[in-house]
Amino acid sequence: MEVTNNTQRKAIPRSLQFQRMERIVKAMQHPTAGVPVRSQKLFLTTVPNAFTGADLTEWITEKLNVKDSTEALHLASLLCYYGYFFHITTNGAVQIKDDNELFRFQAPYYWVSTNWTTGNIEYAIYLLKRTLRNRQKHGLEEHEIRALDDLKKRLIHQWDFVTMQAEAQFRVLKDRKKTDKTIIDSQERAFWRVMRPSPDEAQPMKRDEVLKRRLEYLQQALTNRVRTKLSQTHQSLCACFELFSDYDPFLGHCLPSNPWLTSDTVRWELTQPLVENPTQLRVRRWSFNCKELLSDPTGVREFMKFCEADFSTESLNFYLHVQALRNCPLSQIKQNAELVYREHLAPNAPQEVNINDTIRTKIIKQLDNPNREIFFEAEKHIIELIKKNSYSRFLQSELYRNLLQNASNPLPKKQGIFHFVKDTYFRTSESSSDDEYDSDDSARKVDNVPHKSQPLVGTLVNTAAVATAVVAATSASIQALGNEGKRLSIRNQSGTK
């Protein structure tokens, strides 16, 4: 078996997801703030460095701010499925429960991100070694028996070597303690469950279903394909850049001042999600498209005021409820989906929206087992209706004109010529000493000693004095250059005579 290095690890598919999971697992293994790991009793033996499912669930709920216990158990089961910790007593189990079942962390050497390239010989040695042990505890499953028979046919010329290695590892394992045997066996099963999963786990859908979905996607992509000329694409990109250039603080203007370069925090206050008086740039951005309006909480608030005056809040409320469904905990998805259906899609609903029967029928079929995207097609249809009706009337309404007229327009703050010099700059007696800059050790000593000296009054730097000194020095240098030029001209005239 071979393991990739750090540079090759970045090219692994889903490497970013593995990094996120590993950050959580490393936080779990923290000696003080992690999951409490201690020696646990298991029948007549003691398992070192183990933890229970209840400890794991409690840590996820507290440290990761997961309010729902069902979602915490789901996250723990996913981490166990990818082999970051394994069950000690129940071999092959990945479902975490809030009980006293024992688990251990998998060694980082066997994590998925190391991208193990496992060969058939190592897997055959592992399966054959299990056949030499007690069949009642370590017997092979059906898919493992089929895999072993297939490996015998493929490795017929190397089967003597496989048998010799399996017997040697079995003899070494036989001399170990009972606790070590249990831990090593659980660790190996967790590793091979990830590297060589069962066909049911590796292929949740049949191959025909996967190909059918792929063909449907490609056919839909071909029918809905929009073909445009390269020149038109270039013009649209340039127009989009010119439209949004004023809203990029790095490319355009950053009013009233750039908070990345100055200590002025007014821009952060003006760009908060909810403000009482938005700026003109912000209000003008709502007119670009409906997406910009719905993505701004202040814009949604003003748009809701218009819809209430226009008696057309059904579509906007449906959109907001769908967004809340996407961000709710896992245990509340079914409850919120039924609430959205009763409020907007059921017959004689209090805020019924206008969708066709095809979309309504698909949603009704999925209500028994809903997901976060159950109202995706209905949401697209409602957004199109909002664009054509409420959004266009909102841009032409008096409310939007008043917002645009009364919006604040912060002016840029003009900086002085010598803006880099601060008027409140003091130098202390200790900072002016030469010993402070001799070495890093002396600097640390000075930091540890409390400052007893007071600031010197005469060391205040005046900006006007600095400006006067610079102007005087500049005029003196110009006058000196003029005198030198006169001398050279006199010498040249005398030489010519």
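Residues numbered from 1 in each chain as written. Predicted model: local features only at pLDDT ≥ 70, side-chain atom pairs only at ≥ 80, totals over all residues. Heavy atoms only, no water.

Colleague: Would you mind going over the sheet that holds strand β1 (residues 38-42) in detail, with residue names and values included?
Modeller: Pairing is antiparallel across the open sheet formed by four strands, whose spatial order is β1-β2-β4-β3. Of all the strands in the sheet, just β1 and β3 (85-87) have a single pairing partner and so form its edges. Ignoring which end each strand starts from, the neighbouring axes of this sheet average 55 degrees apart. (Pairing = 2+ DSSP bridges. Helix = DSSP H or I, 4+ residues; strand = E, 2+ residues; numbered from the N terminus. Axes fitted to C-alpha atoms, helices over the stretch in contact; angles between N-to-C directions.)

Colleague: I'd like a description of the pairing of strand β2 (residues 45-52), backed by residues and values.
Modeller: Relative to β2, β1 runs antiparallel, the two being bridged by four bridges. The residue of β2 that forms the bridge with glutamine 40 is valine 47. Between β1 and β2, which follow one another and run antiparallel, lie two residues, and phenylalanine 43 among them has a positive phi close to 55 degrees. Where β2 meets strand β4 (residues 102-105), two bridges bridge the pair, whose relative direction is antiparallel. Paired with threonine 52 across the bridge in β4 is leucine 102.

Colleague: With reference to specific residues and values, describe the pattern of salt bridges.
Modeller: Summed over the entire model, instances satisfying the criterion amount to 15 salt bridges. When the shortest N-O distance is used, the salt bridge between arginine 189 and aspartate 185 registers 3.7 Å. With arginine 189 and aspartate 185 both in helix α9 (residues 178-195), this residue pair falls four residues apart, about one helical turn. You'll find arginine 189 and aspartate 185 in the same group, each marked buried. The partner of arginine 301 in a salt bridge is glutamate 302, and the shortest N-O contact between them spans 3.2 Å. Look at glutamate 302 and you get buried, because its relative accessible area is 5%. Within the structure, one salt-bridge network assembled from shared partners comprises Arg133, Asp185 and Arg189. (Salt bridge = Lys/Arg side-chain N within 4 Å of Asp/Glu carboxyl O. Buried < 20%, exposed > 50% of the residue type's maximum accessible area, 1.4 Å probe, protein only.)

Colleague: So, helix α19 (residues 357-366): which residues are in play, and what are the values?
Modeller: For α19, the set of buried residues is Ile359, Arg360 and Ile363. For α19, the buried positions fall inside an angular range of 100 degrees around the axis, keeping them on one side. In this structure, α19 carries Asp357, Thr358 and Lys365 as exposed residues pointing more than 90 degrees from its buried face. Those residues of α19 that are buried lie in contact with α18 (333-345) and α20 (376-395). (Arc of directions from axis to C-beta. Contact = heavy atoms within 4.5 Å.)

Colleague: Explain the packing of aromatic side chains residue by residue, including any values.
Modeller: On inspection of all chains with the given rule, the structure shows 20 aromatic pairs. Arranged with centres 5.1 Å apart and planes meeting at 40 degrees, the rings of tyrosine 123 and tryptophan 192 form a pair that is tilted. Placement of the pair is tyrosine 123 in helix α5 (residues 120-131) and tryptophan 192 in helix α9, with a sequence separation of 69 residues. Residue classification places tyrosine 123 among the buried residues on the basis of a relative accessible area of 5%. Grouping aromatic residues by their ring pairs yields a cluster made of Phe51, Phe85, Phe103 and Phe105. Lying across the ring of tyrosine 247, arginine 285 places its NZ or CZ 5.1 Å from the centre. (Phe/Tyr/Trp six-rings, centres within 6.5 Å; stacked < 30°, edge-to-face > 60°. Lys NZ or Arg CZ within 6 Å of the ring centre and 35° of its normal.)

Colleague: Report on the nonpolar core, specifying residues and quantitative values.
Modeller: Phe303, Phe318, Leu345, Ile355, Ile363 and Phe375 are the most contacted members of the largest nonpolar core, which has 36 residues in total. Breaking this core down by element, the ones donating at least two residues are α15 (290-294), α16 (297-310), α17 (314-326), α18, α19, α20 and α21 (398-406). Core analysis: the next-biggest nonpolar cluster, separate from the first, contains 21 residues, Phe18, Val25, Tyr84 and Phe105 among them. (Core = buried A, V, L, I, M, F, W, Y, C linked by side-chain atoms within 4.5 Å.)

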